[in-house]
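# Tertiary structure, described
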Amino acid sequence: MATAELAVVIPALVAVLALCLSGLGLAVDQIRAVDAARIAARAAARGEPVDAVRELAQQAAPPGSDVTVDEAGDRVRVTVTAPPRTRYLSALPRASASVEAVLEPAARMGSP
């Protein structure tokens, strides 16, 4: 009798454990995406070139992340979007962060 219950419970426990670990991984990716966007936004606000800003964000972001840098007027917005953690649980949301910063006066004037 115990064998039949174990046959039902063990797959359920494995599924719950996989979901919990995926959620934990998503939380780690979210923290890394926010940190990467903050680092890149600070660099962009100082007037760093867009390529350098993207490189900084790629170094801090989860592997395979997309980084976009948009300048509009006196503001810059950096968005980092991480790829899905696993193809088996693709319905889970992706980690994403967007940070906006005001350009520093030296960056607005175009000096390095």
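This text goes with the structure placed above it.
Here's a quick rundown of the structure. (Residues numbered from 1 in each chain as written. Predicted model: local features only at pLDDT ≥ 70, side-chain atom pairs only at ≥ 80, totals over all residues. Heavy atoms only, no water.)

Turning to empty space enclosed by the protein, a few remarks are in order. If you walk through the whole model with that rule in mind, you get one cavity of 30 Å³ or more. Put simply, the largest cavity is a space of about 90 Å³. Along the walls of the largest cavity sit 12 residues, with Leu26, Pro84, Arg85, Leu92 and Pro93 positioned nearest its centre. (1 Å grid on protein atoms, 1.4 Å probe; cavity = no way out; pocket = protein on both sides within 12 Å on 5 of 7 lines; lining within 4 Å. Points joined across faces, edges and corners; volume = space filled by probe spheres on them.)

Nonpolar side chains collect at one region of the surface, where Leu17, Leu21, Leu24 and Val28 lie side by side and expose about 390 Å² of accessible area between them. If you trace the backbone, Leu24 turns up in helix α1 (residues 2-46). (Patch = residues over 30% accessible without salt bridge, like charges linked within 9 Å, V, L, I, M, F, W, Y side chains within 5 Å. Areas by Shrake-Rupley, 256 points an atom, 1.4 Å probe, with all protein chains shown as cover. Salt bridge = Lys/Arg side-chain N within 4 Å of Asp/Glu carboxyl O. Helix = DSSP H or I, 4+ residues; strand = E, 2+ residues; numbered from the N terminus.)

Let us now look at the sheet that holds strand β2 (residues 75-81). Spatially, the three strands line up as an open sheet ordered β1-β2-β3, and their pairing is antiparallel. One side of each edge strand has no neighbouring strand; the edge strands of this open sheet are β1 (66-72) and β3 (96-102). Put simply, the sheet's adjacent strands are angled 15° from each other on average, direction ignored. Here seven bridges tie β2 to β3, and the two strands are oriented antiparallel to one another. Pairing of Val76 across the sheet is with Ala101, part of β3. Packing of helix α2 (residues 50-60) onto the sheet brings it into contact with β1 and β2, and relative to β1 it is tilted by some 140°. (Pairing = 2+ DSSP bridges. Axes fitted to C-alpha atoms, helices over the stretch in contact; angles between N-to-C directions. Contact = heavy atoms within 4.5 Å.)

A few words on the environment of Ala60. With respect to the helices and strands, Ala60 occurs in helix α2. If we skip the residues at most four places from it in the chain, Ala60 touches Arg32, Ala36 and Ile39.

This part is about α1. Here α1 contains 45 residues, and its C-alpha end-to-end distance of 66 Å stays within 8% of the 66 Å for a straight helix at 1.5 Å per residue. If you check which residues of α1 are buried, you get Ser22, Gly25, Asp29, Ala33, Ala36, Ala37, Ala40, Ala41, Ala43, Ala44 and Ala45. Downstream of α1 by one or two residues, Gly47 has phi in the positive range, about 100°. (Expected span 1.5 Å × (residues − 1). Buried < 20%, exposed > 50% of the residue type's maximum accessible area, 1.4 Å probe, protein only.)

All right, on to the nonpolar core then. Counting residues in each nonpolar core, the largest one holds 20 residues, and the members touching the most others are Val53, Val67, Val69, Val76, Val78 and Val80. Of all elements in the fold, only α1, α2, β1, β2 and β3 reach the threshold of two or more residues within this core. If you tally residues by element for this core, the top one is α1, at eight residues. Apart from the residues lying within four places of it in its own chain, the contact partners of Val76 are Ala41, Ala44, Ala45, Val69, Asp70, Glu71, Val99, Glu100, Ala101 and Leu103. (Core = buried A, V, L, I, M, F, W, Y, C linked by side-chain atoms within 4.5 Å.)

Examined bridge by bridge, β1 and β2 share seven bridges and lie antiparallel to one another. Its bridge partner being in β2, Ala72 is matched across the sheet by Arg75. From the end of β1 to the start of β2, which pair antiparallel, there are two residues, and Gly73 there has a positive phi angle of about 65°.

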